[in-house]
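Architecture and fold: a report
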Amino acid sequence: MTMTPRDPSIVIIGAGVAGIATAVTFQQAGFHNFVIVEKGSDVGGVWHWNRYPGLTCDVPSQLYQFSFAPKPDWSRIWAEGSEIQRYHRDVVERFGLDKHLMLDSEVNDAVFGEQGWELSLSGGRSLRADFVIAATGVLHHPFTPDIPGRDSFGGAMVHTARWDDSIDTAHKRIAVIGSGSTGVQIVSALQPQADKLVQFARTPQWVLWAPMGLPQSSVVAKLLGTVPGLHDRVYDAGLWASGLLADVVLHPTWRRTVVQQFARWSLGAQVRDRRLRDKLTPDYEPLCKRQVLSGTYYQAISAPNAELVTEAITEITPTGIRTADGVEHEVDVIVFATGFHPHNYMRPMNLRGRDDVTIDEAWAKGPRAYRMTAIPGFPNLFTVLGPNSPTGSISLQYSAELTARYITRWLERFRAGEFDTVEVSEEATSRFNDSVAEAMGPTVWNTGCNSWYFTDQHTIDLWPFDRATMTRLLSTPEDRDFLLTRSRDTAVI
Ligand code: N01
């Protein structure tokens, strides 16, 4: 590795989708002086942490992949979690990222000072860097509700994001708490072998029918792998098709109505029992929460060994779960499919920027960034898949690669000696966030449901624009939105 005096040293925090996209993009732009710090024992992010039965990606795999690492031969149209995790491992090996990786290493502190960024890691190690990239993801802090009596339960308890393979679920009485994407997938997977399965659904979800188990034909894999340019065309077609989804969630048009009607049809056509159908019918519009897809859930919850409980949970007892109607549901295993703390981002890290400002102080009114990637008060720090990222519409890989390319524009200018620090202005960040708030108005996420998209401050933490707008906003940095300094304290622009 040849080092120039201006070869920026970079720490990428996180080796999930965002971190891998960032590292490969940096390499391809000629930046090799980076380490990737990952708290887990392997790469993959959510695909490393989540191993629960039934885990499937509900985005078609020919789209859920990096543009720089096409994989023609997925075994299914919607691949299972284990295959996706192997893909991330393979990409890391194929692009030689292993030598940059520090696994089992959590960043406890990242503090900006005279010498740039100083980071302290678990195990007492420390790093210095010119730039920090927080590629820490969104759904990595499991949320387990503090239900009274939780510690008294005598059976096995597990959160889906920390699945324990030693827990035996076959021929057991199982409680699943939660009805989001995870709850729906795990109910479908555990019901066939359970003695009894009780799902506690505080809020029913609309579940769009999709043939999630469909294999991808080997002929398709062969064609995609051998016909020149075909894979790129299929990938581009996938991106274009996901643009339709973005349109459906962003604008109240007839296209949204058609998808919502399909959601209603999915329920009506699959659940014939009227009482069960009533219990499964949400009181908000389809697509308002993160849309759930499944081809098996409604059959699973209609099975004779399954029960849907919509009464509120009041306590966990040594032998089961009691609900507000006084009924105790006796079970052997409790599965928490209760989601995440989605707005933590890099926290609880002690992240301190200029003038010792902490990220908690900067985000006292909720997480906010300029165009998903820059935070006022935090020079030479960028987020990839940070606040307002499109977790519900546009391809995450596309968004991460685009953001990483945007960051390389700054790295190139640092390398050329144009500045020592770059920091987005408060004014530009407010302007961007005002435009986000305005654009949220007609989105389906804003039609009256309670979803994990909402922050504690009741803002919606999503991307309310289309892909073309994202591409435009993250093409060339606009100098007027940033403060650049040289020698750490001399303003040059
Ligand atoms: O979590 P969630 P998730 N008592 O927050 C309930 C992605 N993902 O893990 O709706 C009773 O959606 C809560 O009830 P309510 C995807 O982006 C992707 O399922 O708040 N219930 C809800 O039902 C997804 O959106 C894939 O009333 C309680 C559930 O727990 C995101 O991950 C697969 C409760 C939490 O649902 C999160 O999904 C899986 C309580 N005290 C996940 N507290 C793919 O296929 C919470 N709940 C790509």
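Residues numbered from 1 in each chain as written. Predicted model: local features only at pLDDT ≥ 70, side-chain atom pairs only at ≥ 80, totals over all residues. Heavy atoms only, no water.

This part covers the site of the ligand. Surrounding the ligand, one finds 23 residues, the nearest of these being Thr56, Thr182, Thr203, Lys289 and Trp452. In this structure, an oxygen atom belonging to the ligand sits 2.9 Å away from a main-chain N or O atom of Asp58. Residue Ser181 places a main-chain N or O atom 3.2 Å away from an oxygen atom belonging to the ligand. Coverage of the ligand by the protein amounts to 86% of the 920 Å² it exposes when considered alone. Residue contributions to the shell around the ligand peak at 3 residues, all from helix α4 (residues 181-190). When the residues that make up the shell around the ligand are grouped by side-chain class, the tally is 9 nonpolar, 10 polar and 4 charged. Both domains that furnish three or more residues to the shell around the ligand are identified here as domain 1 (10-141 + 341-485) and domain 2 (150-336). (Near = heavy atom within 4 Å. Polar contact = N/O pair within 3.5 Å; in protein donor to acceptor, adjacent residues only side chain to side chain. Areas by Shrake-Rupley, 256 points an atom, 1.4 Å probe, with all protein chains shown as cover. Helix = DSSP H or I, 4+ residues; strand = E, 2+ residues; numbered from the N terminus. Nonpolar A, V, L, I, M, F, W, Y, C, P; charged D, E, K, R; others polar. Domains from an automatic or database assignment.)

Segmentation of the protein chain into domains returns domain 1 (10-141 + 341-485) and domain 2 (150-336). Its C-alpha centre places domain 1 at a distance of 27 Å from the equivalent point of domain 2. Taken residue by residue, the interface counts 47 residues in domain 1 and 45 residues in domain 2. A combined buried area of about 3,800 Å² lies between domain 1 and domain 2, and 59% of that area is made up of carbon and sulfur atoms. Of all residues in domain 1, the largest losses of buried area upon contact with domain 2 belong to Tyr52, Asp58 and Val444, amounting jointly to 17% of the total for that side. (Contact = heavy atoms within 4.5 Å. Buried area = accessible area lost by both parts, 1.4 Å probe.)

We now examine empty space enclosed by the protein. For the structure shown, the criterion picks out 5 cavities of 30 Å³ or more. Taken as a whole, the largest cavity spans an internal volume of roughly 50 Å³. Contributing to the lining of the largest cavity are Ser179, Val184, Ala201, Pro204, Gln205, Val207, Lys279, Leu280, Tyr297, Leu308 and Thr310. Here the lining of the largest cavity is built from residues that sort into 7 nonpolar, 3 polar and 1 charged. Considering the residues around the second largest cavity, the lining is formed by Ala374, Ile375, Phe378, Asn380, Leu381, Phe382, Val422, Glu423, Val424 and Phe482. At the level of secondary structure, the elements contributing two or more residues to the lining of the second largest cavity comprise β19 (381-383) and β20 (421-424). Take the lining of the second largest cavity: its biggest share by element is 3 residues, from β20. Counted by class, the lining of the second largest cavity contains 8 nonpolar, 1 polar and 1 charged residues. (1 Å grid on protein atoms, 1.4 Å probe; cavity = no way out; pocket = protein on both sides within 12 Å on 5 of 7 lines; lining within 4 Å. Points joined across faces, edges and corners; volume = space filled by probe spheres on them.)

Below, the discussion takes up the environment of Thr310. Relative to the helices and strands, Thr310 is located in the loop between β13 (306-309) and β14 (313-317). Under the relative-accessibility criterion, Thr310 is labelled partly exposed at 34%. Distance in space between the C-alpha atoms of Thr310 and Trp452 is 19 Å, their sequence separation being 142 residues. In contact with Thr310, other than residues within four places in its own chain, are Ala201 and Lys279. (Buried < 20%, exposed > 50% of the residue type's maximum accessible area, 1.4 Å probe, protein only.)

Below, the discussion takes up the environment of Glu83. Turning to its location among the elements, Glu83 is positioned in helix α3 (residues 81-94). The class for Glu83 is buried, based on a relative accessible area of 10%. Not counting chain neighbours up to four residues away, the residues in contact with Glu83 comprise Lys71, Asp73, Trp74, Ser75 and Arg76.

This part takes up the pattern of salt bridges. Under the defined criterion, the tally for this structure stands at 28 salt bridges. Between Glu80 and Arg76 there is a salt bridge, and its shortest N-O distance comes to 3.5 Å. Judged by its relative accessible area of 36%, Glu80 is partly exposed. With relative accessibility at 19%, the residue Arg76 sits in the buried group. With its nearest N and O atoms 3.4 Å apart, the salt bridge here joins Asp356 to Arg352. With a relative accessible area of 46%, Asp356 lands in the partly exposed category. You can call Arg352 partly exposed: its relative accessible area is 25%. (Salt bridge = Lys/Arg side-chain N within 4 Å of Asp/Glu carboxyl O.)

Two faces, one strand: in a regular strand the side chains alternate between the faces of the sheet. Bridging between strand β1 (residues 10-13) and strand β2 (residues 34-37) involves 4 bridges; their strand directions are parallel. Bridge assignment links Val11 to a residue of β2, and that residue is Val35. You can see the chain leave β1, run along helix α1 (residues 17-28) and come back into β2, and the turn it takes is right-handed. Pairing of β2 with strand β3 (residues 101-102) involves 2 bridges; the strand directions are parallel. (Pairing = 2+ DSSP bridges. Right-handed = clockwise from strand over helix to strand, strands pointing away.)

Backbone torsion omega between Arg347 and Pro348 reads 20 degrees, so that peptide bond is classified as cis. Locating Pro348 in the fold gives a position in the loop between β17 (333-336) and β18 (350-352). Phi is positive for Leu287, close to 85 degrees, though the residue is something other than glycine. Topologically, Leu287 is positioned in the loop between α8 (274-280) and β12 (292-293). Positive phi outside glycine occurs at Asn388, with the angle close to 70 degrees.

Glancing now at the packing of α1 against helix α11 (residues 396-415). Between α1 and α11, the least distance of the axes is 8 Å, while the angle of their chain directions is 45 degrees. In terms of axis orientation, α1 runs oblique to α11. Considering how the two elements wind past one another, α1 and α11 form a crossing that is right-handed. Residue-level inspection shows Val17, Ala18, Ala21, Thr22, Thr25 and Phe26 of α1 in contact with α11, the latter providing Gln397, Ala400, Glu401, Ala404, Arg405, Ile407, Thr408 and Leu411. When the residues that make up the contact of α1 with α11 are grouped by side-chain class, the tally is 8 nonpolar, 4 polar and 2 charged. (Axes fitted to C-alpha atoms, helices over the stretch in contact; angles between N-to-C directions. Parallel < 35°, antiparallel > 145°, perpendicular 65-115°, else oblique. Left-handed = near helix turned anticlockwise from the far one by under 90°.)

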